[in-house]
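So the chains spell out like this:
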Amino acid sequence: VLELDSNSTTSTQGANLQHNKAVFLPAAGKHIWAEFKLKIVDTYDKVELFAGLSELDTTLIASSLNSSANHIGWECVTDDGVLVFAGEKAGTRGTSSAATIAEDTYIKLGFYVNGVTSVTQYINGVETGTALATANIPVVALYPSFVCQTAGTNDPIMHIQGYRIFQLR
């Protein structure tokens, strides 16, 4: 298990981790499957998080908003543990409802990128929400990305129990 610790009680401070040696590039006919298993401890309702694929960005969540112009994944920036599934292509954003996380409880988050046609999300193995459209699928290099920041007053920690990402050649 990888622990990503915000290590702060100051609002918007924390950790931003990107695996820049693993690159995925959405393209027609190049399907992507991704799955992330994580949990939040030290109070989920004060976490600002992102888990998914994003362009390289040293401040993926800045001023309590996702600042990446190109990404696919889950985020929580509302200080209530509510995850939103988001896709953004060059600033054109689409979202779908996802789930609410629970304290110290693993959740499995998955998505399937159908080339550049649509993105379907899965929560604990069940298809959830509405698919993201072509206009919200970035066509630039994307990297596995994780953010665990505090919304203040506590020190949330994200436990990442593994992730898998595959792309059709």
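Everything below is about the structure shown above.
Residues numbered from 1 in each chain as written. Predicted model: local features only at pLDDT ≥ 70, side-chain atom pairs only at ≥ 80, totals over all residues. Heavy atoms only, no water.

A. Structural view of the nonpolar core. Of all hydrophobic cores here, the largest spans 35 residues; its most connected members are Trp74, Leu83, Phe111 and Met158. Here this core gets 5 residues from one element, more than from any other, and that element is strand S3 (residues 32-41). (Core = buried A, V, L, I, M, F, W, Y, C linked by side-chain atoms within 4.5 Å. Buried < 20%, exposed > 50% of the residue type's maximum accessible area, 1.4 Å probe, protein only. Helix = DSSP H or I, 4+ residues; strand = E, 2+ residues; numbered from the N terminus.)

B. Spatial organisation of the pattern of salt bridges. By the definition in use, this model includes 4 salt bridges. With a closest N to O distance of 2.4 Å, glutamate 35 and arginine 164 form a salt bridge. Residue glutamate 35 is located in strand S3, and its partner arginine 164 is located in strand S14 (residues 157-167); the two are separated by 129 residues in the primary sequence. By relative accessible area, which is 26% here, glutamate 35 ends up partly exposed. Among the residues examined, arginine 164 registers a relative accessible area of 48% and is labelled partly exposed. Salt-bridge contacts for arginine 93 lead to glutamate 88; the nearest nitrogen and oxygen are separated by 3.6 Å. When salt bridges that share partners are traced, they join Glu75, Glu88 and Arg93 into one network. (Salt bridge = Lys/Arg side-chain N within 4 Å of Asp/Glu carboxyl O.)

Note that all results are geometric; they support no functional claim without further evidence.
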